[in-house]
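Residues per chain, in single letters:
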Amino acid sequence: MDIMKAIETRRSTRAFLDKPLGKDTLEKLLSLATRAPSAINLQPWEIYVVSGEDRKRLSRILVKRMRERNISCGPGASRPLPDYFVERQRGLLECIVPNLPEDHDFQDFINEGSCDFYGAPTGIIVTIDEVFSSARLTDIGVFVGYLLLAAHSLGLGTCPIGLITAFDDEIKEFLNIPEEKKVVIGIAVGHADPDGPVNRSLSTRAPLSELVRWRGN
Ligand SMILES: Cc1cc2nc3c(=O)[nH]c(=O)nc-3n(C[C@H](O)[C@H](O)[C@H](O)COP(=O)(O)O)c2cc1C
């Protein structure tokens, strides 16, 4: 798939088919994603792949902890957000809610769905060694962007799952991840369910005029 087409047509998938991904497919995906550039070529991403029954077992632990601790997907902000950010958040809700069954609460759908990797056969957990400063999270972001686009061009659906960082301890214990690693993000990967109404949701973007300040000619 042409890179511009991939960028234009990728979207988050929140309903997956119960169809496992082969190791070859996952290796192809990760080989492409790890072509991402990083500062001094440090490649600070460390990747854990959890599939099948193990992915489901992990999700059961996360869902239980999420309910016990009342964890919810949020902006991760230290202060109330300025209105224009709140508006963008509301925009996402407005594009997803019409595609949920009527009795579904949006926040419950996102919280439970995120912990369940939206039913995807595979979850990819990306960690970073605590030796690095937050500057290296930029590298992880580039890696994740590559992974999302590579998956899309391989015909796979993805959803980045930031919510699971609230369960760093549980994930590390389940996957035997060393203490000095930090969970940065999870990514649900699988075949998008073509009949899942939520997958019709198309999020919008702020116009460049809201985001870009120009100077010079
Ligand atoms: C760092 C990051 C964390 C995210 N965390 C979650 C999450 O926990 N749960 C979820 O449903 N979507 C999550 N998303 C997906 C965003 O909601 C989605 O990318 C955004 O609304 C834009 O929609 P699109 O991906 O369909 O273009 C996350 C995306 C990013 C980049």
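Whatever comes next refers back to the structure up there.
The paragraphs below set out a description of the structure included in this document. All values reported here derive from a predicted model rather than from experimental measurement.

### Quick word on the overall build of the chain
Step number 1: Helix and strand content of the chain: eight helices and four strands.
Step number 2: The order of α-helices and β-strands along the chain, N terminus first, is α-α-β-α-α-α-β-α-β-α-β-α.
Step number 3: A principal-axis box enclosing the C-alpha atoms of the chain has dimensions of 50 × 50 × 40 Å.
Step number 4: Residues classed as buried in the chain amount to 29% of the 217 residues present.
Step number 5: A separation of at least 24 residues holds for 85% of the contacts in the chain among residues at least 6 apart in sequence.

### Description of the nonpolar core
Step number 1: Counting residues in hydrophobic clusters, the biggest one holds 43 residues, and the most contacted among them are L147, I164 and A188.
Step number 2: Those elements that provide at least two residues to this core are α2 (23-33), α3 (52-69), β2 (122-129), α6 (137-153), β3 (157-161) and β4 (181-190).
Step number 3: Broken down by element, this core gets its largest block of residues, seven residues, from α6.
Step number 4: Those residues in contact with L147 that lie beyond four places of it in its chain are L29, A33 and I187.

### Notes on the environment of T34
Step number 1: Looking at the secondary structure, you find T34 in the loop between α2 and β1 (46-51).
Step number 2: Separated by 109 residues in sequence, T34 and F143 have C-alpha atoms that sit 6.7 Å apart.

### Structural notes on the sheet that holds β1
Step number 1: Spatially, four strands are ordered β1-β2-β4-β3 in an open sheet, and the strand pairing comes out antiparallel. Edge positions in the sheet fall to β1 and β3, since each of these pairs with one other strand and no more. Across the sheet, the mean angle separating the axes of adjacent strands is 25° when strand polarity is ignored.
Step number 2: Bridge count for β3 against β4 is five bridges, and the pairing is antiparallel. Within β4, the position partnered with G157 by the bridge is G190.
Step number 3: Along the sheet, α6 makes contact with β2, β3 and β4, crossing β4 at roughly 10°.

### Details of the environment of Y48
Step number 1: Considering the arrangement of structural elements, one finds Y48 in strand β1.
Step number 2: Sequence separation between Y48 and E170 is 122 residues; the distance between their C-alpha atoms is 14 Å.
Step number 3: If we ignore the near neighbours within four places in the chain, the residues touching Y48 are I125, T127, L175 and I177.

### Some remarks on α6
Step number 1: The first and last C-alpha atoms of α6 sit 24 Å apart over 17 residues, in line with the 24 Å expected at 1.5 Å per residue.
Step number 2: Considered for burial, the residues of α6 that qualify are D139, I140, F143, V144, L147, L148, A150, A151 and H152.
Step number 3: Structurally, α6 contributes buried residues whose contacts are with α1 (3-9), α2, β2, β3 and β4.
Step number 4: Just downstream of α6 lies G155, where phi reads positive at about 85°.

### Some thoughts on the site of the ligand
Step number 1: Taken together, 13 residues form the shell around the ligand, and within it R11, S12, G162, L163 and S203 come nearest.
Step number 2: Those elements giving two or more residues to the shell around the ligand turn out to be α5 (106-115) and β3.
Step number 3: In terms of residue count, β3 provides more of the shell around the ligand than any other element does, three residues in total.
Step number 4: Residue composition of the shell around the ligand, grouped by class: eight nonpolar, four polar and one charged.

### Regarding unusual backbone geometry
Step number 1: For F117, which is not glycine, the phi torsion reads 50° and is therefore positive.
Step number 2: The exposure class of F117 is buried, given the 27 C-beta atoms found within 10 Å.
Step number 3: In the Ramachandran plot, N176 falls in the positive-phi region, its phi being about 55° despite a non-glycine side chain.
Step number 4: Position of N176 relative to the elements: it lies in the loop between α7 (168-175) and β4.

Reading the values: rules and limits
- Residues numbered from 1 in each chain as written.
- Predicted model: local features only at pLDDT ≥ 70, side-chain atom pairs only at ≥ 80, totals over all residues.
- Helix = DSSP H or I, 4+ residues; strand = E, 2+ residues; numbered from the N terminus.
- Buried ≥ 20, exposed ≤ 12 C-beta atoms within 10 Å, placed from the backbone.
- Contact = placed C-beta atoms within 7 Å.
- Core = buried A, V, L, I, M, F, W, Y, C linked by C-beta atoms within 7 Å.
- Pairing = 2+ DSSP bridges.
- Axes fitted to C-alpha atoms, helices over the stretch in contact; angles between N-to-C directions.
- Expected span 1.5 Å × (residues − 1).
- Near = placed C-beta within 6 Å.
- Nonpolar A, V, L, I, M, F, W, Y, C, P; charged D, E, K, R; others polar.

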